[in-house]
Amino acid sequence: MIPLSLLEPNHRILVIDDNKAIHDDLRKVLLGEVDTVEHLQDDETLLFGIETLPIVRFEIDSAYQGQEGLAKLEQSLAEGRPYALVFVDVRMPPGWDGVETIAHLWKADPHLQAVICTAYSDYFWTDIQRRLGHSDNLLILKKPFDNIEVTQLAHALTRKWLLSRQVEAKVDDLDSMVAERTAELRSAHEQTEREFQQRAKAQEAFGIIFQASTIGIALLDRGGRYVDVNRAFEALFELAQDQLIGKNPGELDAATQRTMRVLHQEIERKREVEAQEIAYESRTGRRTGLLWTRDVEIHDCPYRLCLLLNITDRKEMEEELRRARIQAEDAAKAKSEFLANMSHEIRTPMNGILGFTELALQTDLTPDQRDYLETVESSARSLLRIINDILDFSKIEAGRLDLESVPFSLRECLENAAGVVHSSAARKQLDFSWKVSPGTPDNLMGDETRLRQILLNLMGNAVKFTAAGSVTTEVSAAPFDGSRVDLQFAVRDTGIGIPVEKQALIFEPFRQAEGCMTRKYGGTGLGLAIVTRLLGLVGGRIWVESKVGVGSTFYFTIPFPLSHQPLAPRHNSGMLAEAPTAPLSILVAEDNDVSRLLVKRLLTKQGHTVAEARTGLEAVTLCERGTFDMILMDVQMPDMDGFEATVEIRARESATGEHIPIIALTAHAIKGDRERCLEAGMDDYLSKPIRPSELSAAIRRASLRGAGVGTVR
Ligand code: ADP
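Here the structure is a predicted model, which means the values were calculated and not measured. (Residues numbered from 1 in each chain as written. Predicted model: local features only at pLDDT ≥ 70, side-chain atom pairs only at ≥ 80, totals over all residues. Heavy atoms only, no water.)

Enquirer: How would you sum up the sheet that holds strand β6 (residues 216-221)? Please name residues and give values.
Expert: Strands sit in the order β7-β6-β10-β9-β8 across an open sheet of 5 strands; the sheet is antiparallel. Strands at the two margins of the open sheet, each flanked by one partner only, are β7 (226-229) and β8 (273-282). Taking the axes of each pair of neighbouring strands and ignoring which way they run, one obtains an average angle of 30° across the sheet. On the sheet, helix α8 (residues 261-269) packs against β7, β8, β9 (285-298) and β10 (301-310) and is oriented at approximately 155° with respect to β8. (Pairing = 2+ DSSP bridges. Helix = DSSP H or I, 4+ residues; strand = E, 2+ residues; numbered from the N terminus. Axes fitted to C-alpha atoms, helices over the stretch in contact; angles between N-to-C directions. Contact = heavy atoms within 4.5 Å.)

Enquirer: If you had to explain the environment of Ala 275 to someone new, which residues and values would you point to?
Expert: You can see Ala 275 is positioned in strand β8. Overall, the relative accessible area of 36% leaves Ala 275 in the partly exposed class. Residues Ala 275 and Leu 308 lie 33 residues apart in sequence; the distance between their C-alpha atoms is 8.9 Å. Excluding residues within four positions of it along the chain, Ala 275 makes contact with Leu 290, Leu 291 and Trp 292. (Buried < 20%, exposed > 50% of the residue type's maximum accessible area, 1.4 Å probe, protein only.)

Enquirer: Could you give an account of unusual backbone geometry, naming the residues involved and the relevant values?
Expert: The peptide bond linking Pro 93 to Pro 94 adopts the cis configuration, its omega dihedral lying at 10°. Note the cis peptide between Lys 143 and Pro 144, where omega equals -10°. Positioned with a positive phi, Asp 300 is a non-glycine residue whose angle comes to about 65°. As for its placement among the helices and strands, Asp 300 is situated in the loop between β9 and β10. Positive phi outside glycine occurs at Asp 639, with the angle close to 65°. With respect to the helices and strands, the residue Asp 639 is situated in the loop between β20 (630-634) and α18 (642-656).

Enquirer: Could you give me a rundown of the packing of aromatic side chains, with the residues and numbers involved?
Expert: Under the defined criterion, the tally for this structure stands at 8 aromatic pairs. Between the aromatic rings of Phe 233 and Phe 237, the centroid separation amounts to 5.3 Å while the plane-to-plane angle is 55°, which identifies the pairing as tilted. Taken together, the positions of Phe 233 and Phe 237, both in helix α6 (residues 231-237) and 4 residues apart, correspond to about one turn of that helix. Of the residues examined, Phe 233 reaches a relative accessible area of 1% and is grouped as buried. With 5.7 Å between their ring centres and 75° between their planes, Phe 408 and Phe 560 make a pair best called edge-to-face. Within this pair, whereas Phe 408 is found in strand β11 (residues 406-409), its partner Phe 560 is found in strand β17 (residues 551-561), the two being separated by 152 residues in sequence. The pair formed by Phe 408 and Phe 560 is uniform in burial state, with each residue classed as buried. Following the ring pairs from residue to residue traces out a cluster consisting of Tyr 226, Phe 233, Phe 237 and Tyr 280. Above the face of the Trp 543 ring, Arg 541 is positioned so that its terminal group lies 4.2 Å from the ring centre. (Phe/Tyr/Trp six-rings, centres within 6.5 Å; stacked < 30°, edge-to-face > 60°. Lys NZ or Arg CZ within 6 Å of the ring centre and 35° of its normal.)

Enquirer: Tell me what's going on with the site of the ligand, and back it up with residues and numbers.
Expert: Residues in contact with the ligand amount to 20 residues; listed here are only the nearest, Asn 461, Asp 493, Gln 512, Ala 513 and Leu 528. Within the side chain of Asn 461, a nitrogen or oxygen atom sits 2.7 Å from an oxygen atom of the ligand. At 2.8 Å, a side-chain N or O of Asp 493 approaches a nitrogen atom of the ligand. Coverage of the ligand by the protein chains reaches 97% of its 530 Å² of free accessible surface. Contributions of two or more residues to the shell around the ligand are made by α12 (448-464), α14 (527-538) and β17. The biggest single contributor to the shell around the ligand is α12, with 3 residues. Here the residues of the shell around the ligand sort into 9 nonpolar, 8 polar and 3 charged. (Near = heavy atom within 4 Å. Polar contact = N/O pair within 3.5 Å; in protein donor to acceptor, adjacent residues only side chain to side chain. Areas by Shrake-Rupley, 256 points an atom, 1.4 Å probe, with all protein chains shown as cover. Nonpolar A, V, L, I, M, F, W, Y, C, P; charged D, E, K, R; others polar.)

Enquirer: Tell me what's going on with the pairing of strand β15 (residues 484-493), and back it up with residues and numbers.
Expert: Here is the key point about a regular strand: its side chains alternate between the two faces of the sheet. The pairing of strand β14 (residues 470-477) with β15 spans 7 bridges and is antiparallel. Bridge assignment links Thr 472 to a residue of β15, and that residue is Arg 492. Adjacent in sequence and paired antiparallel, β14 and β15 are bridged by 6 residues. The pairing of β15 with β17 spans 9 bridges and is antiparallel. Its bridge partner being in β17, Leu 487 is matched across the sheet by Ile 558.

Enquirer: So what about the packing of helix α11 (residues 410-427) against α12? Which residues, and what values?
Expert: Interhelical geometry of α11 versus α12 gives an angle of 30° and a closest axis separation of 9 Å. Between α11 and α12, the angle is such that the two are roughly parallel. As α11 packs across α12, the resulting crossing turns out to be right-handed. Residue-level inspection shows Leu 410, Cys 413, Leu 414, Asn 416, Ala 417, Ala 418, Val 420, Val 421, Ser 424 and Ala 425 of α11 in contact with α12, the latter providing Glu 448, Leu 451, Arg 452, Leu 455, Leu 456, Met 459, Gly 460 and Val 463. (Parallel < 35°, antiparallel > 145°, perpendicular 65-115°, else oblique. Left-handed = near helix turned anticlockwise from the far one by under 90°.)

Geometry only, nothing functional implied.
This is the structure:
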């Protein structure tokens, strides 16, 4: 179909007649007319200045038989130049007659306007109509033609062709417009339908979520009336929806008002509540809830949204946890106290065993007796080490290990630890050495005792697991600023080494590289676990590099603040112990008979005279009565402990200005003992089991201090 905009007037005419004269006549009529009219119009324009209508020029083709006419028509259609009008003669022997020809032509082009020309009535008009149908595209022209009739027909029918095509195109345009609009409407409708369904689904989903929520949800209108509540909300207060919806708090029944009082107070009191705990009554008991409220707008209407979560169970669980935690803390405290007592209880007899063994070893003995007693002494020392390890480990695990932060010398600490291990290394003829890299700072702040403990452990293991070769310890510092330094220690041996798969395991408590080694080398498997934990407490770390049969290197790092304070002078216990002390009169306050007897023996052996007290109170009384040069004071005693007794003695001294040196004797396991001793006014501190050399050194120090020489840290 040609679009409306492209339709143009069409004056192409096909004449189909077997008589050539007819063609000439029609041509003369239709084409001759143009010349005449043209002349007339030119004259009119010339004479009267009248503008005339445009002149129509027909194009006329001829065919002499129906088939030829059809062929021309088909060609014209193929070229896009259709005929508007055809004049067809009725009789055209021997081919198709005019009626048949028109039938064929219309099949090819239904828009073609046809004029059937007849000289006499070849057909009844009714016959033609029967054969071609009632078509408004068909006219009959009777011969002979009237010129004006032909001209008029040609004008009218070519115009009709154009008009009918225009109408058709218009209708087509309208049809496609309608189809377009219909499609638009349909898609708009489908879109609306989809949106409607989505909204319905969303609403359904919201409804399901609203109802399935475990948080109680209530929607109230501006007047405080309940608009909707979900099942969780009903469950919170054990109420049904219809008891609430449409009512404001004042309109609820008395029981419901009571139940929901706290909630309504909160909603009333604050615009927005943020996760606030509220206690409320349900019909079956007291509950705790977490409340949120929000002002919201739904479809332009303001509402108050309340969210309430029942946390009663959680609160109860928290309470139970709190109770359990207190119980656990009590238990941990009890454990720690138990350990402290155990420590005291074990150390006291150990004190006796070691002390008296040492005394016995100083007497005349047969070689066998000496051998036995030396074995007793070394066994007792091993036992003491094991007990110390277990106590240390328990204290660290219970988080009850206090670390000191005092100035100390790195080199002295190393020397000290190396001094302890050196003799066992010498016995095995190992090459034992230690060195500090140049530039490593010496004045550190920290817990020297614990650093020494770590070094003793690693050096001790290195010597223990090395049969021949060397054990060396090296210390170096990472680049440091003026305030702190990261030290790295390496303890290297040429011992048995540790298989790779055991290297991580040995840092766990009670684990040893080889179970059967224990018998050969001894040990509890706690040393490295304690070292690892101690390093963890001070922000350090430990690792090992080792090869079986070649040796091991244990590395550890510790950060230390640098100390800028001058170090207190060290006591050289050996020298002090060796220097003779003038005979003194010493009061020994100790409740344990064996310990007291031991100290007494040690003192009398050194030429001192000894008075004895069994309780703190007795010590205070004796001290007031007698004149003593010094007191050795046990810390844990019945009636009045060593701390109280010291405080009492110092209080009495404040009147006279005297100061009797007091040395504490303690089982060392109670947290903060050392500080407490010094705080109570004691001058020095000896931990049990007491070694004769340490006792002598302490007495020497205290007597020098009494004489105004030296200081006690
Ligand atoms: P203990 O030495 O009391 O058994 P440790 O925790 O100090 O406990 O050491 C655990 C284990 O690690 C040791 O039993 C030993 O198997 C292994 N180990 C530690 N140090 C060394 C070392 N220098 N050479 C070889 N093996 C070692």
